[in-house]
Amino acid sequence: MINYKSLPEFEKDFKSLLKRYRTLEDDFEIFKKYTIETFYNQGVPTSAFVPIQGFCSEKYVSNKVRKFACRSLPGRGNQSGIRIIFIWQEDSRTVTFVEMYFKGDKTEEDRERLKNTLNKLE
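Residues numbered from 1 in each chain as written. Predicted model: local features only at pLDDT ≥ 70, side-chain atom pairs only at ≥ 80, totals over all residues. Heavy atoms only, no water.

Participant: Let's hear about the pattern of salt bridges: which residues, and what values?
Facilitator: For the coordinates displayed, the defined rule picks out 10 salt bridges. Across the pair D26 and R71 runs a salt bridge whose closest N-O atoms are separated by 3.8 Å. Of this pair, D26 sits in helix α2 (residues 24–42) while R71 sits in the loop between β3 (60–65) and β4 (82–89); the two residues are 45 residues apart in sequence, bridging distant segments of the chain. Owing to a relative accessible area of 48%, D26 belongs among the partly exposed residues under this scheme. Across the pair E99 and K106 runs a salt bridge whose closest N-O atoms are separated by 2.2 Å. Its relative accessible area of 29% is what places K106 among the partly exposed residues. Within this structure, K64, E108, E109 and R111 form a network of salt bridges that share partners. (Salt bridge = Lys/Arg side-chain N within 4 Å of Asp/Glu carboxyl O. Helix = DSSP H or I, 4+ residues; strand = E, 2+ residues; numbered from the N terminus. Buried < 20%, exposed > 50% of the residue type's maximum accessible area, 1.4 Å probe, protein only.)

What follows is the structure, given as structure tokens:
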């Protein structure tokens, strides 16, 4: 069983993107079920997310999701341009969602937000 948490900032990002991409809520649930859970529960390899260098340790792994399918962006498949930043903690089997953004609006994750979140986890 995987526990999901999200930062208030992530919730704000999500609501903002939900106004533009109406299917985002369903797409996000599908992503959690078929990407995160199959990877961490069943060990099925995925190229959907990659570790963020410099933000990983023995206790946690920070990941950037690069392949997220959004049905509101037809013809793009999993190359929608939506990015999700999350932290995986193996000992508590917890996923903490840190940030969500559209690549066209912002080129890179908020490293300060990620750093602050990691400091709170330690």
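Participant: Run through the pairing of strand β5 (residues 94–102), naming residues and quoting values.
Facilitator: In terms of residue burial, β5 counts as a mostly covered element, since 9 of its 9 residues are buried. Taken together, the 4 bridges between strand β1 (residues 3–6) and β5 define a ladder with parallel strand orientation. Of the residues in β5, the one forming a bridge with S6 is F97. The hairpin turn running from β4 into β5, its antiparallel successor, is 4 residues long, and R93 in that turn takes a positive phi close to 50 degrees. (Pairing = 2+ DSSP bridges.)

Participant: Describe the sheet that holds β5, listing the residues and the values that go with them.
Facilitator: Taken together, the 5 strands give an open sheet; going across it, the order is β1-β5-β4-β3-β2, and neighbouring strands pair in mixed fashion. The open sheet has two edge strands, β1 and β2 (49–51), and neither has a second partner. Averaged over all adjacent pairs, the angle separating strand axes in this sheet is 30 degrees, with direction ignored. Taken strand by strand, helix α1 (residues 8–20) contacts β1, β4 and β5, and its axis lies near 45 degrees from that of β5. Packed on one face of the sheet, helix α3 (residues 111–121) meets β3, β4 and β5 and runs near 15 degrees to β4. (Axes fitted to C-alpha atoms, helices over the stretch in contact; angles between N-to-C directions. Contact = heavy atoms within 4.5 Å.)

Participant: Any details on α2? Residues and values, ideally.
Facilitator: Along an α-helix, residues three or four apart share an orientation, since each turn contains 3.6 residues. Relative to the 27 Å expected for 19 residues at 1.5 Å per residue, α2 spans 25 Å between its end C-alpha atoms, a close match to the ideal helical length. Elements in contact with the buried residues of α2: β1, α1, β2, β3, β4 and β5. (Expected span 1.5 Å × (residues − 1).)

No statement about biological role is implied by the geometric values presented.
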